[in-house]
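Each chain, written out:
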Amino acid sequence: MSFAHRHLLGIEQLSPADITAILDLAETYVDLNRQSAKHSDVLSGLTQINMFFENSTRTQASFELAGKRLGADVMNMSMQASSIKKGETLIDTAMTLNAMHPDLLVVRHPHSGAVDLLAQKVNCAVLNAGDGRHEHPTQALLDALTIRRAKGRLHRLNIAICGDIAHSRVARSNLILLGKMENRIRLIGPPTLVPAQFAAFGAEVYDDMREGLKDVDVVMMLRLQKERMDGGFIPSEREYYHRYGLDREKLGLAKADAIVMHPGPMNRGVEIDGTLADDINRSVIQEQVEMGVAVRMAAMELLARNLRGAA
Ligand code: NCD
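Definitions and limits used
- Within every chain, residues take consecutive numbers counted from 1 along the sequence as written.
- Local features in a predicted model are, by the rule used here, given only for residues with pLDDT of at least 70; side-chain atom pairs are given and counted only at 80 or more, and totals for whole chains, interfaces and linings are based on all residues.
- Excluding hydrogens and water, the side-chain values take into account all heavy atoms of the structure.
- Only DSSP runs of H or I with at least four residues qualify as helices, and only runs of E with at least two residues qualify as strands; both kinds are numbered from the N terminus onward.
- Using a 1.4 Å probe on the protein chains alone, a residue whose accessible area is under 20% of its type maximum counts as buried, one over 50% counts as exposed, and one in between counts as partly exposed.
- The near set for a molecule or strand comprises every residue that places at least one heavy atom within 4 Å of it.
- By the criterion applied in these results, polar contacts are pairs of N or O atoms within 3.5 Å in which, for protein atoms, one can donate a hydrogen and the other can accept it, and in which residues neighboring in sequence qualify only through two side-chain atoms.
- Surface accessibility follows the Shrake-Rupley procedure with a 1.4 Å probe radius. Residue values consider only the protein chains on display as shielding.
- Buriedness of a pocket was judged along seven lines, with at least five required to meet protein on both sides within 12 Å; pockets are open sets of points on a 1 Å grid over the protein atoms alone, cavities are sets where a 1.4 Å probe fits but cannot get out, and lining residues have an atom within 4 Å of a point.
- Grid points define the cavity or pocket, and a molecule sits in it when more than half of its atoms lie within 2 Å of them.
- In this count, Pro and Cys sit with the nonpolar residues alongside Ala, Val, Leu, Ile, Met, Phe, Trp and Tyr, while Asp, Glu, Lys and Arg are called charged and the others, Gly among them, polar.
- Salt bridge, as used here: a side-chain nitrogen of Lys or Arg that lies within 4 Å of a carboxyl oxygen of Asp or Glu.
- UniProt positions are given in the numbering used here, feature names are shortened, and annotations may be inferred rather than shown by experiment.
- Contact between two residues is taken to exist if any of their heavy atoms lie within 4.5 Å; hydrogens are not considered.
- Two strands pair if DSSP finds at least two bridges between them.
- Axes here mean lines fitted to C-alpha atoms, for a helix over just the part in contact, with angles spanning 0 to 180 degrees between N-to-C directions.

1. Here we look at unusual backbone geometry
Cis peptide bonds are those with omega within 30 degrees of zero, and the linkage from G264 to P265 qualifies with -10°. By the element assignment, P265 lies in the loop between β9 (259-261) and α10 (274-277). With a phi angle near 60°, H101 is a residue other than glycine that sits in the positive phi range. Here H101 falls in the exposed class, since its relative accessible area comes to 61%. One non-glycine residue, E182, lies in positive phi territory at about 65°. Its location among the elements puts E182 in the loop between α6 (169-180) and β6 (184-188).

Spelled out as structure tokens, the structure:
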């Protein structure tokens, strides 16, 4: 299994073979994570630092657990309490940490491109845990693993990505990954939230959700990212839910075995009906969280192999 990358910055840089390599290795970790003894030592001796400049529940916890299960020494930097607050720049902070010789640096940052910039300044492997509206590669990989396990394949599926696409790095990374694996992608949302240039990725754009959901295999909902909005993108949450919120009636237009996904955190009753999100016969939202740990273990193992190879 070869994976010729120093960092994991985006799906953009990965080939279909790279994607398959990560997912195949992740499968072995799904099994390990279901046992009571979950420990492996593939990262033993290595230091992993998690730097989250933006809030996170799932992603940070998942990277932390992934590193610990693989035997790395894991440190979570509390960026709220760090010198960033005293005016230190991102690069100065990165250089300071770099001098402590980490092997893996996991970074989330509100600015698109910030993680790429940081990767150019440090000696270790950098994993992008989400940069602005740009990429969130491990989320797209965990979504891909969830889809592959539920549908038995990751190609020639009809996949709808719905809602606030304009502000979503999850949508962007998924669009790139699912396109590379030759799926048919539909983007559904109000024109204010679905930028026209996204059609250039080869997706079909719909503003009528009932039309867009017809016969899809996968319905991926996105959170309305209010923190990235500075004006009237939607008339009201009530109206938005009426037109674009996923409920059983709209889901009825998709294939009978269509699965429902959401990266979390969810706004229940805004983009998705709460009982549908909790319906284990349709929703794979909990599986997505489970796959997140396995995919992050796989990604870190592949990068660490290259680190050791280069040493
Ligand atoms: C996403 C993110 O941070 O981009 N969440 C996540 O990583 N699970 C999506 C979101 O915040 O809506």
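Once you've had a look at it, read on.
2. A few points about the site of the ligand
R58, T59, R108, H136, Q139, R169, V170, R223, Q225, P263, G264 and P265 make up every residue found near the ligand. Contacts to the ligand include R108, whose side-chain N or O atom sits 3.1 Å from an oxygen atom. Interatomic distance of 2.7 Å between a side-chain N/O atom of R169 and an oxygen atom of the ligand. Relative to its unbound accessible area of 320 Å², the ligand is 94% covered by the protein chains. Cavity membership is defined here by more than half of the atoms lying within 2 Å of grid points; on that basis the ligand lies in the largest pocket. Secondary structure elements with two or more residues in the shell around the ligand: α2 (58-69) and α6. Of the residues assigned to the shell around the ligand, the class counts are 3 nonpolar, 5 polar and 4 charged.

3. Remarks on the pattern of salt bridges
Side chains bearing opposite charge may pair, as long as their charged atoms lie close to each other. Per the stated rule, a full pass over the model turns up 13 salt bridges. Linking E64 and K68 is a salt bridge whose minimum nitrogen-to-oxygen distance equals 2.7 Å. Within this pair, E64 and its partner K68 are both found in helix α2, separated by 4 residues, close to a single helical turn. Residue E64 is classed as partly exposed on the basis of its relative accessible area of 22%. R210 is the salt-bridge partner of E249, the closest N and O atoms lying 2.8 Å from each other. Linking E249 in helix α9 (residues 248-251) with R210 in helix α7 (residues 209-212), this pair joins segments that are 39 residues apart in sequence. Residue class for E249 comes out partly exposed when judged on its relative accessible area of 48%. Taken together, the shared-partner salt bridges in this structure form one network comprising D24, E27, R148 and R149.

4. A few points about the UniProt feature "binding site: L-aspartate" (unreviewed entry) in the chain
The residues that UniProt annotates with the feature "binding site: L-aspartate" (unreviewed entry) are K86, R169 and R223. Of the annotated positions named here, the largest pocket is lined by R169 and R223. Among the secondary structure elements, R223 is positioned in the loop between β8 (218-221) and α8 (237-244). Excluding its chain neighbours within four sequence positions, the residues that come into contact with R223 are D164, H262, P265, N267 and E271.

5. Digging into the sheet that holds β6
Judged by pairing direction, the sheet is parallel, and its 5 strands sit side by side in the order β7-β6-β5-β8-β9 without closing on themselves. Two strands close off the open sheet at either side, each with one partner strand: β7 (204-206) and β9. Neighbour-to-neighbour, the strand axes of the sheet open up by a mean angle of 20°, direction not taken into account. For β8 and β9, the ladder comprises 3 bridges, and the chain directions are parallel. Of the residues in β9, the one forming a bridge with M220 is M261. Along the sheet face, helix α5 (residues 137-151) touches β5 (158-162), β8 and β9 and points at about 165° away from the line of β9.

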